[in-house]
Amino acid sequence: MQETGLVLKGVGGFYTILTQDNEEVTALARGRFRLEGLTPVCGDRVEFVRQKDGHAAIVEILERTNLLIRPQVANIDQLVIVLSLSAPKPDLLLLDKLLLQAAPLKIEPLIVFNKADEADDALLSPLLVEYAAYKTLTLSAHTGQGVPALKEALKNKISCFAGQSAVGKSSLLNALLPKLNLPVGNLAKRALRGKHTTRHAELWPYQGGAVLDTPGFSLLELKALEQPELDMAYREFGDAPKSCRFALCSHRSEPGCAVRSLAEKGSFSKGRYERYVELRNQFETLFKERYD
Ligand SMILES: Nc1nc2c(ncn2[C@@H]2O[C@H](COP(=O)(O)OP(=O)(O)OP(=O)(O)O)[C@@H](O)[C@H]2O)c(=O)[nH]1
Ligand SMILES: [Mg+2]
Ligand SMILES: [Zn+2]
């Protein structure tokens, strides 16, 4: 009998699958996949059959909604972008870059401001205004303040935690799932280097969905996006790009640019606009490399 399950991890050709009864079974991928150049990755929804030896065999990989390359993981619903309100200072260019990469992959972003216990209100208030178009949570992994709201936001979704190093991604996951006992702080890095551990992407079942930790900000390499994808990723732009004088306006120095005039009027933050220009310039370099 064929069953459907979720791949939690894959190590050395063995996959751990979460069944619909929340049971974990170990499975091998059938040889056919290798022939077709297909490999199950964590996050995959698969069809499998149980075998007499207690193992199972993956017979089908269901269609993916998206696929991240680093870490290799499929079907991410939500990107939890963690920032710190004390040290390290928020890297807003990285935040904007992650928001930008998530949009065309149809991944819902959730911005999490951690270390609220050490927060300076002068830092937080403008951030909340600047990112008002997005869902944000302010919380502290240390005091537990705001953590129930995060728990609620993770229900029934596959969520990937991302953000610069030391913002508290692993600490938050430990606060949600104490049994994970992930290494945090400098120790985390020393332990990794010492043991030459290869980091395998691994999903942990949580609240009817699953969560995934990523180290540092290795997630999502900058991929060249076309102007319409950029326009759609910036919620603040709204319909303005349609009113720009030029089709495919880059919103930098073209005359009659409706986006720039919104930014000048203060309809959205100056910082967001300036970082948009910086990322747009980076894309231009990427396009050149691609087509030269
Ligand atoms: N004050 C305060 N410190 C925190 C909080 N959350 C985490 N920290 C500290 O921040 C440091 C980094 O935490 P980690 O959870 O390892 O950060 P990370 O984002 O997983 O870092 P990488 O794995 O390197 O990407 C540790 O020293 C934590 O104790 C918090 O809510 N408040
Ligand atoms: Mg970590
Ligand atoms: Zn424009």
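Now for a look at the structure at hand. All values derive from a computational prediction rather than experimental measurement.

Our next topic: the overall build of the chain. Counting secondary structure elements, the chain contains 10 helices and 13 strands. What you see for the chain is a C-alpha radius of gyration of 21 Å, in line with the 19 Å of a compact globule of 292 residues. Once the C-alpha set of the chain is aligned to its principal axes, its extents read approximately 70 × 45 × 35 Å. Accessible surface for the chain amounts to roughly 15100 Å². Of this, 53% is attributable to carbon and sulfur atoms. The average position of the 37 basic charges and that of the 35 acidic charges among the side chains of the chain differ by 3 Å.

A cis amide bond links Ala 87 with the next residue in sequence, Pro 88, at an omega value of -5 degrees. With respect to the helices and strands, the residue Pro 88 is situated in the loop between strand E8 (78-84) and helix H2 (92-102). Located in the positive-phi region is Asn 75, a residue other than glycine, with phi close to 60 degrees. Turning to its location among the elements, Asn 75 is positioned in the loop between strand E7 (73-74) and E8. Overall, the relative accessible area of 2% leaves Asn 75 in the buried class. A positive phi angle, near 75 degrees, is found at Ala 166, a position not held by glycine. You can see Ala 166 is positioned in the loop between strand E11 (158-162) and helix H5 (169-176).

Within the secondary structure, Ser 140 is located in the loop between strand E10 (136-138) and helix H4 (147-153). On the basis of relative accessible area, Ser 140 is assigned to the buried category, the value being 0%. At 2.9 Å, the side chain of Ser 140 forms a polar contact with the side chain of Asp 117.

Attention now goes to the environment of Arg 272. Mapped onto the elements of the fold, Arg 272 is located in helix H10 (residues 270-291). In the structure, Arg 272 is positioned 236 residues away from Glu 36 in sequence and 44 Å away in space, judged by C-alpha atoms. Other than its neighbours up to four places away in sequence, Arg 272 contacts Asp 96, Leu 99, Glu 130, Tyr 131, Tyr 134, Tyr 234 and Glu 236. At a separation of 2.9 Å, a polar atom in the side chain of Arg 272 contacts the side chain of Asp 96. Here the side chain of Arg 272 touches Tyr 134 through a polar contact of 3.3 Å, side chain to side chain.

Once that is clear, we can look at the sheet that holds strand E4 (residues 45-50). The strand order around the closed barrel built from five strands is E1-E2-E3-E5-E4, with neighbouring strands paired in mixed fashion. When strand polarity is set aside, the average angle formed by the axes of neighbouring strands in this sheet is 55 degrees. The sheet contact formed by strand E2 (residues 14-19) and strand E3 (residues 24-29) spans five bridges and is antiparallel. Paired with Leu 18 across the two strands is Glu 24, which belongs to E3.

As a further point, take the coordination of the zinc ion (ligand 3). The zinc ion (ligand 3) binds to the protein through Cys 244 (SG), Cys 249 (SG), His 251 (ND1) and Cys 257 (SG); the donor distances cover 2.1 to 2.4 Å. Around the zinc ion (ligand 3) sit four donor atoms, and with donor-metal-donor angles ranging over 103 to 114 degrees the site reads as tetrahedral. On the primary sequence, the residues serving as donors to the zinc ion (ligand 3) are separated as C-x4-C-x1-H-x5-C. Each of the two residues, His 251 as well as Cys 257, counts as buried.

Here is what the cut-offs are and how they apply
Residues numbered from 1 in each chain as written. Chains lettered and ligands numbered in written order. Predicted model: local features only at pLDDT ≥ 70, side-chain atom pairs only at ≥ 80, totals over all residues. Heavy atoms only, no water. Helix = DSSP H or I, 4+ residues; strand = E, 2+ residues; numbered from the N terminus. Rg over C-alpha atoms; globule rule 2.2 N^0.38 Å. Areas by Shrake-Rupley, 256 points an atom, 1.4 Å probe, with all protein chains shown as cover. Lys, Arg positive; Asp, Glu negative; His and termini not counted. Charge placed at Lys NZ, Arg CZ, Asp CG, Glu CD. Buried < 20%, exposed > 50% of the residue type's maximum accessible area, 1.4 Å probe, protein only. Polar contact = N/O pair within 3.5 Å; in protein donor to acceptor, adjacent residues only side chain to side chain. Contact = heavy atoms within 4.5 Å. Pairing = 2+ DSSP bridges. Axes fitted to C-alpha atoms, helices over the stretch in contact; angles between N-to-C directions. Donors = N, O, S within 2.8 Å, 3.2 Å for Na, K, Ca; no water. Tetrahedral: all angles 85-135°; square planar, octahedral: opposite > 155°, others 65-115°.

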